[in-house]
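# Structural overview for review
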Amino acid sequence: MLSTLLAAFWIMVPAYVPNPVAAVCGGGTPIDFGRNFSDKKRIFGDGKTYRGLVCGVAAGILCGGLQIWLVTTCHWDLPQHTLVSVSLLALGALLGDMAKSFFKRRLGKERGDAWPIADQYDLVAGAFLLVLVFDPAWVFSVMTLPILIVILVLTPVLHRSVNIIGYRIKVKKEPW
Ligand code: CTP
Ligand code: MG
């Protein structure tokens, strides 16, 4: 059980890191350059910026690189990442986050409004979609049904905890 939990967490680290790093480093030019969609509402909104995207993805890849090194060189007995898998997971996490914001705006939700379930699973959906499309062999080499179930339970718990911490230390405007 503990090893399944550890494996699930290890697989997801490159996808978990980008969101909090984007919250800390984000700001500046919005990805949609302030433009509206055909419904006259913002495409993504001011909460999705180039700096957040670039710093978040870079941080996820950096952590993944450290994980690759720990498993390869220090022989830690945990799932093996590759440069491709960590890049796809990190980028996918924030593309999932952007896709969520796109649909939030279409539903008329303002920046920062809570959207339960979507807020917690956007990163999982985005990360898995990207890695399944571009490196399915890696997914099938590390993933088991128990690990998948643990990821689905662990992610909302971690998401909520990290956001509450982010809110308390005033990095995030909302505790979700
Ligand atoms: N952030 C960023 N660029 C990104 C993602 C996040 O700059 N690609 C930063 C923004 O400052 C954002 C904060 O991280 O306000 C928190 O992210 P999130 O909760 O995803 O954004 P919200 O502000 O809640 O906006 P939305 O309603 O669109 O989700
Ligand atoms: Mg938010």
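Basis of the calculations
Residues numbered from 1 in each chain as written. Chains lettered and ligands numbered in written order. Predicted model: local features only at pLDDT ≥ 70, side-chain atom pairs only at ≥ 80, totals over all residues. Heavy atoms only, no water. Buried < 20%, exposed > 50% of the residue type's maximum accessible area, 1.4 Å probe, protein only. Helix = DSSP H or I, 4+ residues; strand = E, 2+ residues; numbered from the N terminus. Arc of directions from axis to C-beta. Contact = heavy atoms within 4.5 Å. Near = heavy atom within 4 Å. Polar contact = N/O pair within 3.5 Å; in protein donor to acceptor, adjacent residues only side chain to side chain. Areas by Shrake-Rupley, 256 points an atom, 1.4 Å probe, with all protein chains shown as cover. 1 Å grid on protein atoms, 1.4 Å probe; cavity = no way out; pocket = protein on both sides within 12 Å on 5 of 7 lines; lining within 4 Å. Sits in = over half its atoms within 2 Å of the grid points. Nonpolar A, V, L, I, M, F, W, Y, C, P; charged D, E, K, R; others polar. Core = buried A, V, L, I, M, F, W, Y, C linked by side-chain atoms within 4.5 Å. Points joined across faces, edges and corners; volume = space filled by probe spheres on them.

All buried positions along helix 2 (residues 18-25) are accounted for by P18, N19 and A22. Down the axis of helix 2, the sector holding all buried residues measures 100 degrees, keeping them to one side. Those residues of helix 2 that are buried are in contact with helix 1 (2-16), helix 3 (50-72), helix 4 (83-106) and helix 5 (118-134). A positive backbone phi angle near 130 degrees is found at G27, which sits one or two residues after helix 2.

The next point concerns the site of ligand 1. Residues in close proximity to ligand 1 total 18 residues, the closest being K48, T49, S101, R105 and K172. With respect to ligand 1, the side chain of S101 contributes an N or O atom lying 2.6 Å from an oxygen atom. G112 is positioned such that a nitrogen or oxygen atom in its backbone is 2.8 Å from an oxygen atom of ligand 1. Alone, ligand 1 offers 570 Å² of accessible surface; in the complex the protein occludes 90% of this. With respect to the detected pockets, ligand 1 is housed in the largest pocket. At five residues, helix 4 tops the list of elements feeding residues into the shell around ligand 1. Among the residues forming the shell around ligand 1, the class breakdown is three nonpolar, seven polar and eight charged.

Counting 23 residues, the largest nonpolar core has I11, M12 and I151 as its most contacted members. What I11 contacts, discounting residues up to four positions off in sequence, is P79, H81, L89, W138, V142, M143, I147 and I151. A22, A90, M98 and F102 belong to the second-largest nonpolar core, a separate cluster that totals ten residues.

If you add up the space inside the largest pocket, you get close to 1,100 Å³. The wall of the largest pocket is formed by 45 residues, among which N19, A22, A23, N163 and K172 lie closest to the centre. Mapped by element, the contributors of at least two residues to the lining of the largest pocket are helix 1, helix 2, helix 3, helix 4, helix 5 and helix 7 (145-168). Here the lining of the largest pocket is built from residues that sort into 19 nonpolar, 13 polar and 13 charged. Its boundaries defined by the atoms lining it, the second largest pocket holds a volume of some 160 Å³. The element best represented in the lining of the second largest pocket is helix 5, accounting for six residues. A breakdown of the residues in the lining of the second largest pocket according to their chemical character gives eight nonpolar, two polar and two charged.

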